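Topology and contacts: notes
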Amino acid sequence: MKKIISGVVITMVLLGCTHDKVPPTNASQETKSMTPESLVQINKDKNTVRERFSPPKGYQWQDEKQDSFGYFIENFKLKPYGSQILRYDGTPISTQHLHKAVFDIDTGNKDLQQCADAVIRLRAEYLYKNKKENNIKFHFTSGHLISWNDYKNGTRAFVSGNSVSFRKTAGFDDSYQSFRAYLDLVFNYSGTISLNKETTPVTKNADLKTGDILITPGSPGHVVFIAGVCINKEGKKLFLLGEGFTPAQSIHLLSNPFDQNISPWYKLDVNTPETKTARYIFKPTNFRSF
């Protein structure tokens, strides 16, 4: 369970994602009626997003700058092809046919790193790896801000009754273990609502890039992130989508059960009233960027 602090009210609820189930669509029926295998080449022996998933014929990978969040995601290490999605307790989830890859990153051993947290985790890891630690700061759902700089210098959050306060109660610790403890604190009190506020709208298809998110803020809500972009000579783009989910589980790359010919790539449109993904329907469509 995760805590939401909204104004001065604290309640214990599931934050951010729906429960572990396929969205209320005919996705499984649609999948059966389509081509059973994707026409996209999957290089099963490769271990990064960019290397493992070739674009469909006529498309090529869109390049990202080496120091960008998009480059970080596209070159993120994957677990061996065929790896299962595991819950935080190490057990497999029941739905194992809607993903094409699992990111090689821990989930923790508590039910914390859910959908919004998966995005926060990747964003924070990118900033940490690229020595942009001054930018590692996230809001709680209540609006309270906690930065990694504050945390490593000993500041801790205290929730008592109807109030949230921050006090310096620990010594300096900039170890990775301390960094993970900081992220667990963020996961506990942040979610899709705060993540939506920390990002800006993307209103043009041409502007969509790796690292952008598609989000429904709420409780429950959900978020997926763009894990790769390819483009053809006409300028049309296709996208890979990744996500975390509830309960906390492996960050994974989704298949596309609605168009097996290009799966796991998706056609996306910022102007469409709803966007179907393998495990969730976003209505309205709400793309945002860091």
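Quick look at the structure, then. Keep in mind the model is a prediction, meaning the values are calculated, not measured.

Each value, and the rule that gives it
- Just so you know, the residues in each chain are numbered from 1, in the order the chain's sequence is written.
- Residue-level local features of this predicted model are given only where pLDDT is at least 70; pairs of side-chain atoms are given and counted only at 80 or more, and the full residue set underlies all totals for whole chains, interfaces and linings.
- To obtain the side-chain values, all non-hydrogen atoms of the structure were included, while hydrogens and water were left out.
- Where helices and strands are cited, they refer to DSSP runs of H or I of at least four residues and of E of at least two residues respectively, numbered from the N terminus.
- Burial classification: accessible surface area is computed with a 1.4 Å probe over protein chains only, and a residue below 20% of its type maximum counts as buried, one above 50% as exposed, and the rest as partly exposed.
- Definition used for salt bridges: Asp or Glu carboxyl oxygen within 4 Å of a side-chain nitrogen of Lys or Arg.
- The span you would expect from a helix comes to 1.5 Å times its residue count less one.
- Pairing of aromatic side chains here covers Phe, Tyr and the six-membered ring of Trp, requires ring centres within 6.5 Å, and sorts the geometry by plane angle: under 30 degrees stacked, over 60 edge-to-face, intermediate tilted.
- For a lysine, the NZ atom is tested; for an arginine, the CZ atom; a charge sits over a ring if that atom is within 6 Å of the ring centre and within 35 degrees of the ring normal.
- Strand pairing requires that DSSP identify at least two bridges connecting the strands.

Quick notes on unusual backbone geometry
Peptide bonds are mostly trans, and most non-glycine residues show a negative phi. Cis peptide bonds are those with omega within 30 degrees of zero, and the linkage from T246 to P247 qualifies with -5°. By the secondary structure assignment, P247 is in the loop between strand 12 (237–243) and strand 13 (252–254). Its identity as a non-glycine residue notwithstanding, K131 has a phi of 55°, on the positive side. Structurally, the position occupied by K131 is in the loop between helix 4 (115–129) and strand 5 (137–139). A relative accessible area of 74% places K131 in the exposed class.

Comments concerning the pattern of salt bridges
Throughout the structure, instances matching the rule amount to 11 salt bridges. R50 serves as the salt-bridge partner of D63, at 2.7 Å between the closest nitrogen and oxygen. Of this pair, D63 sits in the loop between strand 3 (59–61) and helix 3 (69–74) while R50 is found in helix 2 (residues 49–52), placing the two residues 13 residues apart along the sequence. Salt-bridge contacts for D184 lead to R180; the nearest nitrogen and oxygen are separated by 3.4 Å.

Remarks on helix 6 (residues 176–189)
Compared with an ideal rise of 1.5 Å per residue, which puts 14 residues at 20 Å, helix 6 spans 20 Å between its outermost C-alpha atoms and is within 8% of the ideal. Burial analysis of helix 6 places 10 of its 14 residues in the buried class, which makes it a mostly covered element.

Some points on the packing of aromatic side chains
Under the counting rule described, the total for this entry stands at 17 aromatic pairs. Taken together, the aromatic side chains of F69, F72, F76, F103, Y126, F225 and F290 make up a single cluster linked through ring pairs. In this arrangement the basic side chain of R123 is found over the ring face of F69, its NZ or CZ atom lying 5.0 Å from the centre. Taking NZ or CZ as reference, R156 lies 3.7 Å from the ring centre of Y151, over its face.

Brief notes about the pairing of strand 12
Among the seven residues that make up strand 12, seven are buried, leaving the element largely enclosed by the rest of the structure. Burial along strand 12 is two-sided: K237, F239, L241 and E243 facing one way and L238, L240 and G242 facing the other are all buried. Summarising the sheet, strand 11 (residues 222–232) and strand 12 pair through six bridges and their orientation is antiparallel. Each residue of the ladder has a partner; that of C230, found in strand 12, is L238. Here strand 11 folds back onto strand 12 in antiparallel fashion, the turn holding four residues, of which G235 has a positive phi close to 85°. As defined by bridge partners, strand 12 adjoins strand 13 across two bridges and the pair is classed as antiparallel. Of the residues in strand 13, the one forming a bridge with G242 is L253.

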